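Residue strings, one per chain:
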Amino acid sequence: MNLSLKTSITNVKLDHPLMNSSGILGSEPETIDILIRYNVSAVVSKTITYEPRKGYDPPIVVELRNGGLINAVGLANPGRDIIPKLIERARRYNRPIIISVGGSSVKEFVEVASTADLYKADAVELNLSCPHTKGYGIEIGSDPENVSEIVEAVSGSIKIPVIAKLGLSDRILRSAEKALEKGAKALTLINTIKALVIDVYSMKPILTNIFGGLSGPPIHPIAVRIVYEIYRELKPEIIGVGGVSDWRDVAEFILAGAKAVQIGTALIKKPDIIPEILKDLQNWMIEINIKDINEVVGAALKS
Amino acid sequence: MFFSGKIIEVTKLSSDYYKTDIKLFEKISQSPKPFQFVMLWIPRKDLMPMSVADYHDDILTIIFKVRGEGTKTLAQNPGFVGVNGFYGKGIKDLYERKILFVAGGSGVAPLPYLTRYFRDKISIDVIWGFRYHHQYFDLSNIISSRSVGEIFYVAEDCVDKRFYCGKATDLYQKIIKRERDKWDLVIASGPKEMLAKICEINRELDVYVNLENHVKCGLGFCGSCVLKPTSKLLCVDGPLFSCDEVAEYLSQN
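The shown structure was predicted, so the numbers you read here are calculated from the model rather than taken from an experiment. (Residues numbered from 1 in each chain as written. Chains lettered and ligands numbered in written order. Predicted model: local features only at pLDDT ≥ 70, side-chain atom pairs only at ≥ 80, totals over all residues. Heavy atoms only, no water.)

A few points about the overall build of chain B
Here's step 1: In terms of helices and strands, chain B carries six helices and 14 strands.
Here's step 2: Referenced to the eigenvectors of the C-alpha coordinate spread, the extents of chain B come out at roughly 50 × 40 × 35 Å.
Here's step 3: Here chain B, with 253 residues, has 57% of them falling under the buried criterion.
Here's step 4: Partitioning the contacts of chain B with sequence separation of at least 6, the portion at a separation of at least 24 is 65%.
Here's step 5: Per element, the accessible surface of chain B, about 11,000 Å² overall, is 44% carbon and sulfur.
Here's step 6: Charge-centre separation for chain B: the mean point of 34 positive side chains lies 3 Å from the mean point of 31 negative side chains. (Helix = DSSP H or I, 4+ residues; strand = E, 2+ residues; numbered from the N terminus. Buried < 20%, exposed > 50% of the residue type's maximum accessible area, 1.4 Å probe, protein only. Contact = heavy atoms within 4.5 Å. Areas by Shrake-Rupley, 256 points an atom, 1.4 Å probe, with all protein chains shown as cover. Lys, Arg positive; Asp, Glu negative; His and termini not counted. Charge placed at Lys NZ, Arg CZ, Asp CG, Glu CD.)

Given below as structure tokens:
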């Protein structure tokens, strides 16, 4: 039987729905090679800012007993000059590349996105939701007016598609609505969730930045809920992300309305997880009797 | 995984080197493999990659040299610490090998656990080089196994007659020429320049190098420890590599 896992996001064709989430490698050409070995259908770069950023001093991550991970890397990256090199490396493998763009002002977002546009990345993903870097992320992204302004400015200045990555907030629906209205062609939902971990003997927060972003299995049901709600209200193209650790988690995202899915924490713990999930998804497709994965995008919302 | 721990004691081994035993509050289901490392957390001060120098009964031993704020605090016994690990692949099958272990400075740290792990299943001779004679300490005091044969000490300052005068690589070059059939595996551990040299000296021998690099996350996602221009990550693919695997990295300054 011919089972198709092919999909697309903002007209970027993908061999299958699984890519890495931003922040997993992808800030240097050498680590793009690694992502390709992991079998991603598109490479998503680490968030790139206008100037290089050193990020926080370690500890930048803590592995939790519940399978979750809390990180506060602090958007460490080499700055916008790396963008052409990242794109060139992905091109060698003929793989689509999405540049994740960060900024502390509208102008910075526009500048970095324009660089990605100039060197013909396949799309940009605006990181409007980093939970641990002051002035760069969720503080911007949880205010629908800021989202509106940034997406409008970026969409108006570049030709390649704009994807807005939003994080958990009370006003995420409004932010999503604004982003789509101002030109975003798809949404990535959700980012890590602001969290804290304390060592109970030294009685101190472990991360240098104190707060970090929680990822991994603990956030998965929350992410599925957000995808479901946004899909129900707005029917946009969605990339689901948050706590995927097996094919079931991917299937849930798709049924909730996602056309593609990003994997982060699980990819670190198990580098060969993508081929494994793809195989399992095909078995699932046989079981539920579909030939094309796109047939069930949003199927959980049908009455 | 993150484990809380408590320092049982800190022992000064020589002018610059210290050894500390850390009691972990939880049982770790899987013992480390030789050359694996931990990221040792000094609360609100520092996080440092450290070789597992020894491990038994939930007690982790670290051998370190005072270099910065973190190691300075560690030498003064900060009490509670955090241990993230065990990271890296390490090595598990060295049975029946005749090993020459060449260490530079604190590169000697993995030796006690290497000998404990394989016990009398391997035989091992050691060259340990350091810069100053006062950095010397007797390695046989920290090694529990009988697998260690000869230990050669090398000091760069050439003031103490007990030590070979020069660098670890000088002595290595000399004895590997003279007695090359005595060993079937060389493991070198120390600064990058030393490892590059060891890899050059004899290309026919089976040589592994234990690398150090800038490690931040330890888990393979931040990319800090990528061994450019290769796409190998020290923290997940290493820290032990064959010379061939990292030749391009070692040839760059």
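Next comes the rest of the description.
Some points on helix 4 (residues 192–201) of chain B
Here's step 1: Those residues of helix 4 of chain B that sit buried are Met194, Leu195, Ala196, Ile198 and Cys199 of chain B.
Here's step 2: Summarising the contacts, the buried residues of helix 4 of chain B are in contact with strand 8 (98–104), helix 3 (168–178), strand 12 (185–189), strand 13 (207–210) and helix 6 (247–250) of chain B.

Some points on the state of the cysteines
All names here are of chain B.
Here's step 1: A full pass over the atoms with the stated rule returns two disulfides over all chains.
Here's step 2: A sulfur-sulfur distance of 2.1 Å marks the disulfide that ties Cys158 to Cys165. Across the disulfide from Cys158 to Cys165, rotation about the S-S bond amounts to roughly 75 degrees, and the bridge is consequently right-handed.
Here's step 3: On the accessibility criterion, Cys158 (38% relative accessible area) is partly exposed.
Here's step 4: A sulfur-sulfur distance of 2.0 Å marks the disulfide that ties Cys199 to Cys243. For the disulfide bridge between Cys199 and Cys243, the dihedral angle about the S-S bond is near -80 degrees, and by the sign convention the bridge is left-handed. (Disulfide = S-S within 2.5 Å.)

Comments concerning the interface of chain B and chain A
Here's step 1: Taken together, the 25 residues of chain B in the interface contact 33 residues of chain A.
Here's step 2: Counting each side, the surface lost to burial between chain B and chain A is near 2,700 Å², with a carbon and sulfur contribution of 63%.
Here's step 3: When residues of chain B are sorted by the area they lose upon contact with chain A, Arg44, Lys216 and Phe221 of chain B head the list and together hold 28% of the total.
Here's step 4: Seen at the junction of chain B and chain A, the total is two salt bridges.
Here's step 5: With a closest N to O distance of 3.0 Å, Glu28 of chain A and Lys228 of chain B form a salt bridge.
Here's step 6: Summed over the shared surface of chain B and chain A, the number is 13 residue pairs in polar contact (both at pLDDT 80 or more). (Buried area = accessible area lost by both parts, 1.4 Å probe. Salt bridge = Lys/Arg side-chain N within 4 Å of Asp/Glu carboxyl O. Polar contact = N/O pair within 3.5 Å; in protein donor to acceptor, adjacent residues only side chain to side chain.)

Notes on the domain arrangement of chain B
All names here are of chain B.
Here's step 1: Segmentation of chain B into domains returns domain 1 (3–87) and domain 2 (98–210).
Here's step 2: Computed from C-alpha atoms alone, the centre-to-centre distance between domain 1 and domain 2 is 23 Å.
Here's step 3: Between domain 1 and domain 2, the residue contacts involve 20 residues of the former and 19 residues of the latter.
Here's step 4: For the pair domain 1 and domain 2, the summed buried area comes to about 1,800 Å², and 64% of that belongs to carbon and sulfur atoms.
Here's step 5: Our count for the domain 1 to domain 2 interface comes out at one salt bridge.
Here's step 6: Note that Asp54 and Arg116 form a salt bridge whose closest N and O atoms lie 2.6 Å from each other.
Here's step 7: Counting the contacts that link domain 1 with domain 2 gives eight residue pairs in polar contact (both at pLDDT 80 or more). (Domains from an automatic or database assignment.)

Quick word on the sheet that holds strand 7 (residues 97–101) of chain A
Residue and element names in this part refer to chain A.
Here's step 1: As summarised here, the arrangement of the eight strands in space is 3-16-15-10-9-8-7-4, forming an open sheet in which the pairing is parallel. Taken across any chain shown, the strands that pair with only one partner, and hence form the sheet edges, are strand 3 (18–20) and strand 4 (43–44).
Here's step 2: With four bridges joining them, strand 8 (residues 123–127) and strand 9 (residues 162–166) adopt parallel strand pairing. For Leu126, the partnering residue across the bridge sits in strand 9 and is Ala164.
Here's step 3: Against the sheet, helix 7 (residues 220–234) engages strand 10 (186–189) and strand 15 (238–241), with an angle of about 165 degrees to strand 15.
Here's step 4: Helix-sheet contacts for helix 8 (residues 247–256) involve strand 3, strand 15 and strand 16 (260–263), and the interaxial angle to strand 16 is about 140 degrees. (Pairing = 2+ DSSP bridges. Axes fitted to C-alpha atoms, helices over the stretch in contact; angles between N-to-C directions.)

Observations regarding the pairing of strand 1 (residues 2–12) of chain B
Residue and element names in this part refer to chain B.
Here's step 1: With five bridges connecting them, strand 1 and strand 7 (residues 80–87) associate as antiparallel partners. Considered in strand 7, the bridge of Ser4 is made with Gly82.
Here's step 2: As judged from the seven bridges shared by strand 1 and strand 2 (residues 17–24), these two strands associate in the antiparallel manner. Following the sheet pairing, Thr11 is matched in strand 2 by Lys19.
Here's step 3: What sits between strand 1 and strand 2 in their antiparallel hairpin is a turn of four residues.

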